[in-house]
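# Working through the structure, step by step
Residues per chain, in single letters:
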Amino acid sequence: MTSLEKDFKRGHTYRQWIFALIANCIIFTYGMECGWISPTTKILQSDQSPVDEVVSVNVISWIASSMSLSAILGVSFYIFVLDNYGRKLGLILIAIPQVISWTIRLCYSTTITLIISRVLAGLSAGGCFIVVPTYVKEISQDDIRGILGTFVALLQMSGVLFMYIIGAFLNYYTVIMITLAIAIVVTFLVLKAPESPAFLVKQKKYDEATQTVAYLRGLDNDDKIVKHLVDSMTNEDNLCKSMPNVSFASILRKTSWRRGLFLIITIFSFHAMNGAYVIATYASQVLVSTGVKFKISPEIQTFSFPIFMVIGTLALASCVEKCGRKSLLFASFLIAALSMGVISLLIILQGLGWSIPAWLPVLAIISTVTIYGAGISAIPYIVMTEMFSFQIRAKVMGIVITLVWALTAFVVTTYTPLTNYIGPYAPFLFYTLINFLGAVFTFVYIPETRAKSEEEIEAILENRQNVLKSQT
């Protein structure tokens, strides 16, 4: 086996990098969609609005939240496509609605068609974090899988940044044409991607699976490494098929699964309502709401937000295996709570007539989005994959991602009403409380999962006292 492990370095990996990047280009266009509302709000509320009317803040909030609401429906659909028709078709069915969504905005802009286009974008968004990571994992070899896995966060934030930049300097229709062109190119690139070898094995297409593995690794079809990998996939598939189907009721009946599900649902609730997604969606409006007069326009100031999210994600990749999941998540929630508290305090003081340095609210917001990228965005997903076995992981993921989109829609929808009817400080007081509760819950209840086997984690979850002992 030792010689086989040495042989794994043979061949090349550049095709794996290329197709992982192509798959994650879908995440890039999704990131552009996430960032679109921020620079567009000012245009829609101006006298030169492309919809021939000044759009109210309430309608803006519905346009913004419609994507998250429809994403809830997309989750189940893409899980079904992923399992029954393949990862490649899943990628294609994410890319096509993105193209249609931007085409609608280019051809006919009204408040109704904007909402319809965002609903289509949301349906595809429901599959982004299910299909893309699964595809990348299954085409990647072990020694680069972790690096390629970071593409999701990096490409999403890069898409947000790119939208902020072109939205600040280009007109409404030019932005849409550029985004549509990118979405079309991505769709054609996805058509060239190979099917996942693991899905081909699942369909008993062993020859195609062998050819795909050889192609991705730059080896001959009859190479012993290729044969070993296909045999491993076959054995894993046979093991999965030999196990009984797990229902939601059976998850609730087993103590460790039930407690694990409760912990994950709770921590993802804090994750979804953390407030960072609202900042990314309404970045310019958030800066304006602080009441500070900027020498540089808020649209340009917001460029720093996704940049620091990327920096936070890179920092996480460098230390998550050294520091552990629990301590990083606890610190992330606590720092986010402090930052959100500072933002709300600054808004209150500004309203009372205090003079606030222009850099202070920007620093507080940057701190919030950086710590989101450095912990809150990714660690709950890591904990979830480590806490549950492959037998129930997909089902739990479907439940959790549906919940995340529902709660994301809630916080995006409520931002404007809270701002209008209570005050611009109100949403950030709410996010402060959510992050503080997330820190307390993590410290008290979430077990450390780093360097623990599934059996060890299951044993911890079986006994309430063991959960508390695992904190020390």
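Here's what I pulled together on the structure shown here. (Residues numbered from 1 in each chain as written. Predicted model: local features only at pLDDT ≥ 70, side-chain atom pairs only at ≥ 80, totals over all residues. Heavy atoms only, no water.)

## Observations concerning the packing of helix H2 (residues 14–44) against helix H7 (residues 151–169)
The description of two helices packed together rests on the angle between their axes and the distance between the axes. Closest axis-to-axis distance for the H2/H7 pair is 6 Å, and the angle between their directions is 45°. As far as their axial angle goes, H7 and H2 are oblique. The hand of the H2/H7 crossing is right-handed. Here the contact of H2 with H7 is built from residues that sort into 19 nonpolar, eight polar and no charged. (Axes fitted to C-alpha atoms, helices over the stretch in contact; angles between N-to-C directions. Helix = DSSP H or I, 4+ residues; strand = E, 2+ residues; numbered from the N terminus. Parallel < 35°, antiparallel > 145°, perpendicular 65-115°, else oblique. Left-handed = near helix turned anticlockwise from the far one by under 90°. Nonpolar A, V, L, I, M, F, W, Y, C, P; charged D, E, K, R; others polar.)

## Brief notes about a nonpolar patch on the surface
Together, Leu 334, Leu 338, Leu 433, Phe 436, Leu 437 and Val 440 make up a nonpolar patch on the protein surface, roughly 520 Å² of accessible area in all. Of all the secondary-structure elements, those providing two or more residues to the nonpolar patch are helix H18 (325–351) and helix H22 (426–445). Tracing the backbone through its elements, the reader meets Leu 433 in helix H22. Classification of Leu 433 as partly exposed rests on a relative accessible area of 46%. (Patch = residues over 30% accessible without salt bridge, like charges linked within 9 Å, V, L, I, M, F, W, Y side chains within 5 Å. Areas by Shrake-Rupley, 256 points an atom, 1.4 Å probe, with all protein chains shown as cover. Salt bridge = Lys/Arg side-chain N within 4 Å of Asp/Glu carboxyl O. Buried < 20%, exposed > 50% of the residue type's maximum accessible area, 1.4 Å probe, protein only.)

## With respect to unusual backbone geometry
The phi angle at Lys 204 is positive, at roughly 65°, despite the residue not being glycine. Here Lys 204 shows up in the loop between helix H9 (197–202) and helix H10 (206–217).

## Concerning the packing of H2 against H10
Closest axis-to-axis distance for the H2/H10 pair is 6 Å, and the angle between their directions is 100°. By the angle between their directions, the pair H2 and H10 is classed as roughly perpendicular. Mapping the contact onto sequence places Arg 15, Gln 16 and Phe 19 in H2 and Tyr 215, Leu 216 and Arg 217 in H10. A breakdown of the residues in the contact of H2 with H10 according to their chemical character gives three nonpolar, one polar and two charged. (Contact = heavy atoms within 4.5 Å.)

## Thoughts on the pattern of salt bridges
Summed over all chains, the structure comprises four salt bridges. A salt bridge links Glu 33 to Arg 118, with the nearest nitrogen and oxygen atoms 2.8 Å apart. Of this pair, Glu 33 sits in helix H2 while Arg 118 sits in helix H5 (residues 111–139), and the two are 85 residues apart along the sequence. A single burial state applies to Glu 33 and to Arg 118, both of which are buried. One salt bridge in this structure joins Arg 87 and Glu 138, with 2.8 Å as the shortest N-O distance. Of this pair, Arg 87 sits in helix H4 (residues 87–107) while Glu 138 sits in helix H5, and the two are 51 residues apart along the sequence. A cluster of three or more residues bridged by salt bridges with shared partners is formed by Glu 33, Arg 105 and Arg 118.

## A word on the packing of aromatic side chains
Any two aromatic rings considered together are summarised by their centre-to-centre distance and by the angle between their planes. In the structure shown here, the tally under the stated rule is 19 aromatic pairs. Seen from the ring of Trp 102, Arg 105 lies directly overhead, with NZ or CZ sitting 3.8 Å from the centre. (Phe/Tyr/Trp six-rings, centres within 6.5 Å; stacked < 30°, edge-to-face > 60°. Lys NZ or Arg CZ within 6 Å of the ring centre and 35° of its normal.)

## Brief notes about helix H11 (residues 224–242)
With 19 residues, H11 ought to run about 27 Å at 1.5 Å a step, and its terminal C-alpha atoms sit 27 Å apart, in line with that. Within the span of H11, buried status applies to Ile 225, Val 226, Leu 229, Val 230, Thr 234 and Asp 237. Residue Asp 223 occupies the N-cap position of H11, its side-chain oxygen lying 2.8 Å from the main-chain nitrogen of Ile 225. (Expected span 1.5 Å × (residues − 1). Polar contact = N/O pair within 3.5 Å; in protein donor to acceptor, adjacent residues only side chain to side chain.)

## Overview of the side chain of Ser 101
Looking at where Ser 101 falls in the secondary structure, it is placed in helix H4. Ignoring anything within four residues of it in the chain, the contact list for Ser 101 reads Glu 33, Ser 117, Arg 118, Leu 120 and Ala 121.

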